[in-house]
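Each chain is listed here by its residues.
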Amino acid sequence: MRTPFMRSPDVGTLALRLFTYVAMAFLFFPIVITLMVSVNPREFILPPTGFTLEWFHAAWTSDTFVRAMGVSLSLGLTASVIANTLAFLAVLAMVRYDFKGKAFINLLIMSPLLIPTTIFSLALYVFFARLGFGAGIPALIIGHSIHVLPFAVRILTASMQNFDTSLEEAARNVGAGPLRTMVSITLPVIKTGLVSSFVLCFVLSWNDFPISVFLAPPGWTPLPVELFSYIKFQYDAVGAALASSLILISAVAMVVIDRMAGLRRVMQR
Amino acid sequence: MKTVADKAIQVEGVCKRYGQVAAVNNVSFDVHHGEFVSLLGPSGCGKTTTLRMIAGFIMASDGAIRVNGRDVTHLPPEKREVGFVFQNYALWPHMTVAENVAFGLKLRKRDKAFIKRKIEESLAVTGLSGYEARLPRELSGGQQQRVALARALALEPQLLLMDEPLSNLDRALRVAMRRELKQLQKRLNMTTLYVTHDQEEALSMSDRVVIMSGGEIARIARPFEVYEDPQSEFVADFVGTTNFFDGTVAGVADGITTVRVGPSLVLHVGSHIQVPTGADVRVLLRPERVRILAAQQEGANVFKARIDFVEYFGPTIRYTAQIATGESLYIETHNNSRAADIGDHVWVNIEPDHFRLIEGRRRRAS
């Protein structure tokens, strides 16, 4: 907004632009360093003197890491399926119906966003320990599902709010029952939202560290935790290569979401 | 056929209440086989709610709905076997035109050859042959409307419900589609219940018009009856433009009721209803029934008026005038008659038979 006191409005615009670039650089700096280190033949010595995929090769042929990737993959897929199924049903109820306690239930679903993930993970650990499960595969899957649920609910809420219910009425009118209408009309129409939600949930689970640290059982370690233990003791660029792999996979997923539904729509409320 | 019902739709005492508010209150009407009936009224009058209750998208709070003699009041929409065309077309965006049309037939497990023939037929009848493989978003509004119609017709419903199907089209297309729709309806002898807020649409297409106001039926009649003899202030006001005069009956003689309006205006009304002397009445007069005279005349129902405002509509011109006694008067004439300008004084004449009488004083509209 231009005010009478701002003689030269361009100064404000320039300052904002500069601030934005600095902030962007600050955010991208660690990513760029990681990527540089992972292809640098001289470990950790910058600037890089050449290009190598040696570290990537070492990372992707390590039994430990490949196994951890398998764990992260199955964990991410399972948690995403669970979270999206629950989110879809919750959203269906919240978008279509008015009922007592709706605001409270919404707050409950969104609450993982309000609590620091470490605290949330510790709480889950204590909870499962009290129940007698402790850390384990079910606890890990439940933890990840709860963690990604709010994001699924957000994306699917946007999809369902944009969904024109007369499409369902038209299907019912030509003879489709409620279930058939859901399968043949509703789900295909909100497909982009469902795919975006699923991919985002997967990426969040794939990158999660705190929940996995607390809840992963011995012998079933997700990749970020495995990577952390590796970096703690090994001082080489294999860790950086692995980190770069994680970043690249997430980036690809984000591009997929952006193409499908538009990231802006997904992240905004 | 085990029962031959002579009525395609029977709506009996149907109500829809939301909490304390009645959106539709005790509505009853019938639609005969092959008949085209419109539900007409301003927004919020309950016409769409009524239609949606017949389709089963909304469940009636009270009353009964019968389709071809079968009580469907409590049936879900998929069991009602009525065609429905939506205002926004409601085409399934992930299906092609052919798939949209075929969906209902596939649900009925018809064989492939039958479905193929039915798609061809219904697209041909709506003028969409060749568009089978298009997606809805690749079609214009008018074409989407045709797909919606083809989708409904493919199932050969005995009854077609339409919810303002033309209101999203621009005017020229709307008028063309209106004619086409009406011709198609006559050719197929398709029983149709049609919701609209557009009086021109309702009057030009319908066999009968059901006028609704505030969740209740204000009038059920044929289009010319609705217009020529509104019988109520609401109908007169909603359909077309009307002059209202509040007065008192001064005397009745030879089929002419003399009505005194204000201190000095006297109207001679050829009344078709009996109103005793001294009764309060409202006199209705359509603006196109007022005749502008070429010169001053003597006689009953001849008044001098001053033109205050002129609206040129193309085929017609509407004058807002003030009678010498103070009452205002709308006059509508063909554009080939003598034009008057603002400030002109003209003499006007009204045939006694062109007035309509309603008993009681006019409620001042809020």
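These numbers were taken from a predicted model, which means no experiment stands behind them. (Residues numbered from 1 in each chain as written. Chains lettered and ligands numbered in written order. Predicted model: local features only at pLDDT ≥ 70, side-chain atom pairs only at ≥ 80, totals over all residues. Heavy atoms only, no water.)

S.K.: Lay out the sheet that holds strand β14 (residues 280–285) of chain B with the relevant residues and their values.
M.R.: Two strands in a sheet stick together by hydrogen bonds in their backbones, pointing the same way (parallel) or opposite ways (antiparallel). Residues and elements named next belong to chain B. Pairing is antiparallel in the open sheet, where 5 strands are placed in the order β13-β12-β11-β14-β20. Each end of this open sheet is capped by a strand with a single partner; those strands are β13 (265–270) and β20 (355–359). Put simply, the sheet's adjacent strands are angled 40° from each other on average, direction ignored. Where strand β11 (residues 243–253) and β14 come together, 6 bridges link them in antiparallel fashion. (Pairing = 2+ DSSP bridges. Helix = DSSP H or I, 4+ residues; strand = E, 2+ residues; numbered from the N terminus. Axes fitted to C-alpha atoms, helices over the stretch in contact; angles between N-to-C directions.)

S.K.: Any chance you could break down the UniProt feature "transmembrane region" (unreviewed entry) in chain A for me, citing the residues and the numbers?
M.R.: All names here are of chain A. Per the UniProt entry, the sites bearing "transmembrane region" (unreviewed entry) are residues 21–39, 73–95, 107–127, 133–153, 194–217 and 237–257 in this numbering. The annotated region residues 21–39 carries 95% helix and 0% strand content, and the separation between its end C-alpha atoms amounts to 26 Å. Strand forms 0% of residues 194–217 and helix 83%; the C-alpha atoms that close the span are 30 Å apart. (UniProt positions renumbered as here; feature names shortened; annotations may be inferred.)

S.K.: With reference to specific residues and values, describe the pairing of strand β2 (residues 21–32) of chain B.
M.R.: Looking at chain direction, strand β1 (residues 7–18) of chain B and β2(B) are connected through 8 bridges and run antiparallel. Looking across to β2(B), one finds that B:Arg17 is bridged to B:Ala22.

S.K.: Give a description of the pattern of salt bridges that names residues and reports values.
M.R.: Where charged atoms from two side chains of opposite charge approach closely, those side chains can pair. For the coordinates displayed, the defined rule picks out 23 salt bridges over all chains. Across the salt bridge formed by A:Glu168 and A:Arg96, the nearest N and O atoms sit 2.9 Å from each other. With A:Glu168 in helix α7 (residues 166–173) and A:Arg96 in helix α3 (residues 63–96), this pair connects stretches of sequence that are 72 residues apart. For A:Glu168, a relative accessible area of 13% puts it in the buried group. You can call A:Arg96 partly exposed: its relative accessible area is 28%. B:Arg289 is paired through a salt bridge with B:Glu228; the nearest N and O atoms lie 2.9 Å apart. Residue B:Arg289 is located in the loop between β14 and β15 (291–293), and its partner B:Glu228 is located in helix α7 (residues 223–228); the two are separated by 61 residues in the primary sequence. What makes B:Arg289 partly exposed here is its relative accessible area of 29%. Accessibility expressed as a relative area gives 27% for B:Glu228, which makes it partly exposed. Three or more residues are tied together by salt bridges with common partners; here these are B:Arg117, B:Lys118, B:Glu121 and B:Glu156. (Salt bridge = Lys/Arg side-chain N within 4 Å of Asp/Glu carboxyl O. Buried < 20%, exposed > 50% of the residue type's maximum accessible area, 1.4 Å probe, protein only.)

S.K.: If you had to explain the UniProt feature "domain: ABC transmembrane type-1" (unreviewed entry) in chain A to someone new, which residues and values would you point to?
M.R.: Cross-referencing UniProt, the feature "domain: ABC transmembrane type-1" (unreviewed entry) maps to residues 69–259 of chain A in the present numbering. Regarding residues 69–259 of chain A, the helix share stands at 81% and the strand share at 0%, and the terminal C-alpha atoms are separated by 26 Å.

S.K.: Give a description of the domain arrangement of chain B that names residues and reports values.
M.R.: Residue and element names in this part refer to chain B. When its domains are assigned, chain B resolves into domain 1 (7–237) and domain 2 (244–359). With 10 residues of domain 1 at the contact, the number on the domain 2 side is 9 residues. Where domain 1 abuts domain 2, roughly 840 Å² becomes buried across the two surfaces, and 46% of that area is made up of carbon and sulfur atoms. If you sort the residues of domain 1 by the area they bury against domain 2, Tyr227, Glu228 and Glu233 come out on top, with a joint share of 56%. Our count for the domain 1 to domain 2 interface comes out at 3 salt bridges. Across the pair Glu233 and Arg282 runs a salt bridge whose closest N-O atoms are separated by 2.8 Å. (Domains from an automatic or database assignment. Contact = heavy atoms within 4.5 Å. Buried area = accessible area lost by both parts, 1.4 Å probe.)

S.K.: Which residues make up the packing of aromatic side chains, and what are the values?
M.R.: The relation between two aromatic rings is expressed through the spacing of the ring centres and the mutual angle of the planes. By the definition in use, this model includes 11 aromatic pairs over all chains. With a centroid separation of 4.6 Å and 50° between ring planes, the pair formed by B:Phe84 and B:Phe86 is classed as tilted. For B:Phe86, a relative accessible area of 4% corresponds to the buried category. Centre to centre, the rings of B:Phe234 and B:Phe238 are 5.8 Å apart; their planes meet at 5°, and the pair counts as stacked. Remark: B:Phe238 and B:Phe234 occur in helix α8 (residues 233–238); sequence separation between them is 4 residues, near one turn of the helix. Overall, the relative accessible area of 18% leaves B:Phe238 in the buried class. Taken together, the aromatic side chains of B:Phe57, B:Phe84 and B:Phe86 make up a single cluster linked through ring pairs. Directly above the ring of A:Phe99 sits A:Lys102, whose terminal nitrogen or CZ lies 6.0 Å from the centroid. Above the face of the B:Tyr227 ring, B:Arg286 is positioned so that its terminal group lies 3.9 Å from the ring centre. (Phe/Tyr/Trp six-rings, centres within 6.5 Å; stacked < 30°, edge-to-face > 60°. Lys NZ or Arg CZ within 6 Å of the ring centre and 35° of its normal.)

S.K.: So, the packing of helix α2 (residues 97–107) of chain B against helix α4 (residues 141–153) of chain B: which residues are in play, and what are the values?
M.R.: The description of two packed helices rests on the angle between their axes and on the distance between the axes. All names here are of chain B. Closest axis-to-axis distance for the α2/α4 pair is 8 Å, and the angle between their directions is 25°. Judged on the interaxial angle alone, α4 and α2 are roughly parallel. Classified by chirality, the crossing of α4 by α2 is right-handed. For the pair α2 and α4, the contacting residues are Val97, Asn100 and Val101 in the first and Val147, Ala150 and Arg151 in the second. Counted by class, the contact of α2 with α4 contains 4 nonpolar, 1 polar and 1 charged residues. (Parallel < 35°, antiparallel > 145°, perpendicular 65-115°, else oblique. Left-handed = near helix turned anticlockwise from the far one by under 90°. Nonpolar A, V, L, I, M, F, W, Y, C, P; charged D, E, K, R; others polar.)

S.K.: Describe in detail the domain arrangement of chain A, supporting the description with residues and values.
M.R.: Residues and elements named next belong to chain A. Examined at the domain level, chain A breaks down into domain 1 (9–52) and domain 2 (63–267). Relative to domain 2, the C-alpha centre of domain 1 lies at a distance of 30 Å. Across the domain 1 to domain 2 interface the summed buried area is about 660 Å²; carbon plus sulfur atoms make up 79%. Across the domain 1-domain 2 interface, the total number found is 0 salt bridges. The interface formed by domain 1 and domain 2 includes 1 residue pair in polar contact (both at pLDDT 80 or more). (Polar contact = N/O pair within 3.5 Å; in protein donor to acceptor, adjacent residues only side chain to side chain.)

S.K.: Tell me about the interface of chain B and chain A, and please be specific about residues and values.
M.R.: Taken together, the contact pairs 22 residues of chain B with 18 residues of chain A. Counting each side, the surface lost to burial between chain B and chain A is near 1,600 Å², with a carbon and sulfur contribution of 62%. Connecting chain B to chain A are 2 salt bridges. With its nearest N and O atoms 2.5 Å apart, the salt bridge here joins A:Glu169 to B:Arg52. The interface formed by chain B and chain A contains 9 residue pairs in polar contact (both at pLDDT 80 or more). Among the secondary structure elements, those contributing two or more residues to the side of chain B that touches chain A are β6 (83–85) and α2 of chain B. Here the residues of the side of chain B that touches chain A sort into 14 nonpolar, 4 polar and 4 charged.

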